[in-house]
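Residue-level structure breakdown
The lines below spell out each chain.
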Amino acid sequence: MSPSTDPGSTPASHTVAPVPGAPRGVLRALARPATLTGGITELALVGAHVLMYPLGARTEVLRPDASRRPAPAPPSARALFAADPLAARVPVLLVHGLVDNRSIFTAMRRGLRRRGFASVCTWNYSPMLGDAARGAADLGREIERICAQTGHDRIHVVGHSLGGLIARYHLQRQDGARRIQTLVTLGTPHQGSVLAHLLPTPMVRQLRPGSPLLRELAEPAPGFATPVTAIYSDLDQLVLPTSAARCEHPDLGARNVLVRGVGHMSLPFSRSVVDEVAATLAGLRPAPAAPAAAVA
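Summarised in this report is the structure supplied together with it.

About the criteria used
Residues numbered from 1 in each chain as written. Predicted model: local features only at pLDDT ≥ 70, side-chain atom pairs only at ≥ 80, totals over all residues. Heavy atoms only, no water. Phe/Tyr/Trp six-rings, centres within 6.5 Å; stacked < 30°, edge-to-face > 60°. Helix = DSSP H or I, 4+ residues; strand = E, 2+ residues; numbered from the N terminus. Buried < 20%, exposed > 50% of the residue type's maximum accessible area, 1.4 Å probe, protein only. Axes fitted to C-alpha atoms, helices over the stretch in contact; angles between N-to-C directions. Parallel < 35°, antiparallel > 145°, perpendicular 65-115°, else oblique. Left-handed = near helix turned anticlockwise from the far one by under 90°. Contact = heavy atoms within 4.5 Å. Pairing = 2+ DSSP bridges. Core = buried A, V, L, I, M, F, W, Y, C linked by side-chain atoms within 4.5 Å. Salt bridge = Lys/Arg side-chain N within 4 Å of Asp/Glu carboxyl O.

1. Observations concerning the packing of aromatic side chains
- Following the criterion strictly, the structure yields 2 aromatic pairs and no others.
- Seen from their ring centres, Phe81 and Phe117 are 5.0 Å apart, and the 85° between their planes marks the pair as edge-to-face. Placement of the pair is Phe81 in the loop between helix 3 (75–78) and strand 2 (92–95) and Phe117 in the loop between helix 4 (106–114) and strand 3 (120–123), with a sequence separation of 36 residues.
- A relative accessible area of 0% places Phe117 in the buried class.
- Summarising the aromatic geometry, the rings of Trp123 and Tyr125 are spaced 5.6 Å apart at their centres and angled 45° between planes, so their arrangement reads as tilted.

If you want it as structure tokens, here you go:
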């Protein structure tokens, strides 16, 4: 499956919080053609993902390129790495969300390889995961395995939904910066989601706004230097409010990127999102300004 085109969803990068709109403005936004199209696309992709889900249940076998050369790509894709050709060789690990598997990345994995990334791999964690910290520790072991097999010291990580929160926990609380070169999250509830109150399972309770997990991630992280990009959508049906998918930690200085009219499950299939992820991992996006130092 190729990444879907999404008219009107060109990403917008910003580091300041968006100004909340008036209720009338929200209703007007919901009636936009791009929003309606995005909703229909979301339904279609959810149906397609349900069909692909069994194919992703088996763990992927990592087959690193023995020559460690970038995958063949057209000139437009090779232009991504014109300034830094070695960037194409850094492995990319894709981490799925809650009760999902690697099949959600069918389009993104293929899209990143077509854009020139030599090693793009996925990882399945247990659908019965009950604690994000334990999932983060498992992720750390998977990252170590990839580094050992590919010969690289560091890798990029892209996490969808809960996968982004697991990766952030490992990066921020388990010394993951030693191995993670860049983190990109897609529709990740960095500030929780009010929908998490509807399901009282241990893992979902950790996604409630103000949960112990989120309070732990909000603690100071001095000296943090790994670039973090949070891609979020104004049409996310699972992260509510949608602005909760922004990463607002003052020490992380994350770059927040808004896409319009793309549903939660559609994010990994969106062509504009894949383009943004590729440009970010290739180092073409400016890093946000460093957080201001405290003044006594």
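There is more to say after this.
2. Here we look at the packing of helix 4 against helix 9 (residues 271–281)
- Contact geometry of helix 4 with helix 9 gives a least axis separation of 10 Å together with a crossing angle of 50°. When the interaxial angle is binned, helix 4 and helix 9 end up oblique. As helix 4 runs across helix 9, the sense of the crossing is right-handed. Contacts from Met108, Gly111 and Leu112 of helix 4 reach helix 9 at Val273, Val274, Val277 and Ala278.

3. Quick word on the pairing of strand 2
- The side-chain alternation of strand 2 yields two buried faces, one formed by Val92 and Leu94 and the other by Leu93 and Val95.
- Two strands pair when backbone bridges link them, and strand 2 and strand 3 are joined in this way by 4 bridges, in the parallel orientation. Note on strand 3: the bridge partner recorded for Leu93 is Cys121.
- The pairing of strand 2 with strand 4 (residues 155–160) spans 4 bridges and is parallel. Pairing of Val95 across the sheet is with Gly159, part of strand 4.

4. Description of the nonpolar core
- Counting residues in each nonpolar core, the largest one holds 37 residues, and the members touching the most others are Leu93, Leu139, Ile143, Val157 and Ile166.
- Tallying contributions element by element places helix 5 (residues 132–150) first for this core, with 7 residues.
- Excluding anything up to four places from it in sequence, Ile166 contacts Tyr125, Leu129, Ala132, Gly135, Ala136 and Leu139.
- Ranked by size, the runner-up nonpolar core spans 30 residues in total, among them Ala88, Val120, Leu186 and Phe269.

5. Section: helix 9
- The element helix 9 is extensively covered by neighbouring structure, given that 9 of its 11 residues are classed as buried.
- Along helix 9, the residues that are buried comprise Ser272, Val273, Val274, Glu276, Val277, Ala278, Ala279, Thr280 and Leu281.
- Looking at the buried side of helix 9, the elements it contacts are strand 2, helix 4, strand 4, strand 5 (180–186), strand 6 (228–233) and strand 7 (255–259).
- Following helix 9 by one or two positions, Gly283 has its phi on the positive side, about 80°.

6. Quick notes on the pattern of salt bridges
- In total, this model carries 12 salt bridges according to the counting rule given.
- Of the charged contacts, one joins Arg141 and Asp138 as a salt bridge, the two residues approaching to 2.3 Å between their closest N and O atoms. In this pair, Arg141 and Asp138 are both assigned in helix 5, 3 residues apart and thus about one turn of the helix distant.
- For Arg141, a relative accessible area of 55% puts it in the exposed group.
- When its relative accessible area of 28% is taken as the criterion, Asp138 is described as partly exposed.
- The partner of Glu276 in a salt bridge is Arg285, and the shortest N-O contact between them spans 3.1 Å.
- On the basis of relative accessibility, which here comes to 35%, the residue Arg285 falls in the partly exposed class.
- One network of salt bridges, with partners in common, ties together Glu144, Asp175, Arg178 and Arg179.

7. Some points on the environment of Leu93
- If you trace the backbone, Leu93 turns up in strand 2.
- Measuring from C-alpha to C-alpha, the distance between Leu93 and His156 comes to 6.2 Å, with 63 residues separating the pair along the chain.
- Leaving out residues up to four positions away in the same chain, Leu93 has contacts with Cys121, Thr122, Trp123, Leu139, Glu142, Ile143, Ile146, Ile155, His156, Val157 and Val158.

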